[in-house]
Amino acid sequence: GIPIDAACISDVTGAQLSGTVLTGISDGATVTYRYTDGAASFTATLLFRVSNAWLEPLTMDDWTYGEPAHTPHADAQYGQPTYLYSDSPDGTFTSDVPTDAGTWYVHRDAGLEAVQKSHILKAQPACTIPTGLSAVYGSTVGSIQPGTGFVWKTPAQLVGSVGTKSFAARFIPADTENYLTADGLEIPVRVTV
C-alpha cells in the first residue's frame, strides 16, 4: 500500500525502465532495482512469471514439393513465436524449414509449447510422352524401349497389326521420395512389317 515514485528507482538489472514501464521482461526473468526516497532506501528483487494463453492455436497447412514452404501460424497472448521443425514429434527440432516430401512437425515456443503435424506432398513429375517409337509385327510391347523412367503396363502384350497404336504405360521418376508415379499414360507406337 506504499506509493512508489518511479523517479526514485535506479540500478535496474534484468529489464529496462522507461518512465514507469518495465520492458524486456521474459517469463522467469529476475529484475532487481535500488529504491531511494529520503529515509527509505532498499534493494528489491522481482521474479516475473507470465501466465500465457493461446489466442489462436498452432496451425500449418500442407504444401506440395517444389512449392514455397507454407508459414506456420499461432498467436499467443505474450511472446514472439519461434518455429522449429523435425521429422518426428519427439525428434530434434531445428530452424531448418523442411523441403522434402513427407510428414513433418512444427514446434512453436513463446512461453507456450505446441507441436503440429504437417505434410509436404509428393509432386507430379514432369514427363514428355515419347514419340517416334516403332515395333515389328508379331513382337511384344516389352521389346520396345520407351525411354528412361517409362514402364509398359502389359509388356507381354503383342503389338498387333500394322499401323499406329497406343499402349498403356507409367512413368516412374528417378526421385520417388519427392515425386509421384505418373499412371494412365498412352504411348504411340508405329507397328511395321
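Residues numbered from 1 in each chain as written. Predicted model: local features only at pLDDT ≥ 70, side-chain atom pairs only at ≥ 80, totals over all residues. Heavy atoms only, no water.

Participant: What am I meant to see in the overall build of the protein here?
Facilitator: Assigned secondary structure in the protein consists of 0 helices and 15 strands. Each principal axis of the C-alpha atoms in the protein carries an extent, and together these give about 115 × 25 × 25 Å. Here the protein holds 193 residues, and the buried ones make up 27% of them. Accessible surface, the protein as shown: approximately 11900 Å² in total, 52% of it carbon and sulfur. Of the charged side chains in the protein, 9 are positive and 19 negative; the average position of the first set lies 16 Å away from that of the second. (Helix = DSSP H or I, 4+ residues; strand = E, 2+ residues; numbered from the N terminus. Buried < 20%, exposed > 50% of the residue type's maximum accessible area, 1.4 Å probe, protein only. Areas by Shrake-Rupley, 256 points an atom, 1.4 Å probe, with all protein chains shown as cover. Lys, Arg positive; Asp, Glu negative; His and termini not counted. Charge placed at Lys NZ, Arg CZ, Asp CG, Glu CD.)

Participant: Help me out: how do you make sense of the side chain of R108 in this one?
Facilitator: Relative to the elements of secondary structure, R108 occurs in strand β10 (residues 102–109). The buried charged residue R108 lacks any salt bridge, with D75 as its nearest oppositely charged partner at 5.4 Å. Not counting the four nearest positions on each side in its chain, R108 is found in contact with W54, L58, A74, D75, A76, G79, P81, T82, Y83, E113 and A114. (Salt bridge = Lys/Arg side-chain N within 4 Å of Asp/Glu carboxyl O. Contact = heavy atoms within 4.5 Å.)

Participant: Explain the packing of aromatic side chains to me, please; I cannot follow it from the model alone.
Facilitator: The relation between two aromatic rings is expressed through the spacing of the ring centres and the mutual angle of the planes. Under the counting rule described, the total for this entry stands at 4 aromatic pairs. Taken together, a centroid distance of 6.3 Å and an interplanar angle of 90 degrees make the contact between W152 and F167 edge-to-face. In this pair, W152 sits in strand β13 (residues 150–152) while F167 sits in strand β14 (residues 163–171), placing the two residues 15 residues apart along the sequence. An identical accessibility class is assigned to W152 and F167; each is buried. (Phe/Tyr/Trp six-rings, centres within 6.5 Å; stacked < 30°, edge-to-face > 60°.)

Participant: Help me understand empty space enclosed by the protein in this model?
Facilitator: Here the idea is plain: a probe the size of a water molecule rolls over the atoms and shows the empty space left. According to the stated counting rule, one finds 1 cavity of 30 Å³ or more in the structure shown. Residue contributions to the lining of the largest cavity peak at 3 residues, all from β10. Split into classes, the residues belonging to the lining of the largest cavity amount to 7 nonpolar, 1 polar and no charged. (1 Å grid on protein atoms, 1.4 Å probe; cavity = no way out; pocket = protein on both sides within 12 Å on 5 of 7 lines; lining within 4 Å. Points joined across faces, edges and corners; volume = space filled by probe spheres on them. Nonpolar A, V, L, I, M, F, W, Y, C, P; charged D, E, K, R; others polar.)

Participant: Just to check I follow, could you spell out the sheet that holds strand β4 (residues 30–37) for this structure?
Facilitator: Working definition: the strands of a sheet are paired by backbone hydrogen bonds and lie parallel or antiparallel to each other. Strand order in the open sheet made by the 3 strands is β1-β4-β5, with antiparallel pairing throughout. On the outer flanks of this sheet lie β1 (9–13) and β5 (40–47), each paired with one strand and no other. Each adjacent strand pair in this sheet contributes to an overall mean axis angle of 15 degrees, direction not counted. The pairing of β1 with β4 spans 3 bridges and is classified as antiparallel. Across the sheet, T13 pairs through a bridge with T32, a residue of β4. (Pairing = 2+ DSSP bridges. Axes fitted to C-alpha atoms, helices over the stretch in contact; angles between N-to-C directions.)

Participant: Which parts of the structure should I look at to understand the sheet that holds β10?
Facilitator: As summarised here, the arrangement of the 4 strands in space is β7-β11-β10-β9, forming an open sheet in which the pairing is mixed. Of all strands in the sheet, those with a lone pairing partner are β7 (63–64) and β9 (83–86), marking the two edges. Here β7 runs beside strand β11 (residues 113–121); their pairing, made up of 2 bridges, is parallel. Bridge assignment links W63 to a residue of β11, and that residue is I120.

Participant: Would you mind showing me how to read unusual backbone geometry here?
Facilitator: Among all residues save glycine, negative phi is the norm, and among peptide bonds the norm is trans. One non-glycine residue with positive phi stands out, namely D11, at about 55 degrees. Relative to the elements of secondary structure, D11 occurs in strand β1.

Participant: Before we go on, may I ask you to explain the nonpolar core in this structure?
Facilitator: Nonpolar side chains in soluble globular proteins tend to end up buried together. Ranked by internal contacts, the top residues of the largest apolar core, which has 15 residues, are L133, I144, W152, V159, F167, I187 and V189. Mapped by element, the contributors of at least two residues to this core are β12 (133–136), β13, β14 and β15 (182–192). For this core, the element with the most residues is β15, which contributes 5 residues. In this view, I187 contacts I129, P130, L133, P146, F150, W152, K165, S166, F167 and A169; residues no more than four positions away in its chain are not counted. Formed by 9 residues, the second largest nonpolar core is a distinct cluster that contains A74, Y85, V106 and I120. (Core = buried A, V, L, I, M, F, W, Y, C linked by side-chain atoms within 4.5 Å.)

Interpretation note: all reported values are geometric properties and have no functional meaning in isolation.
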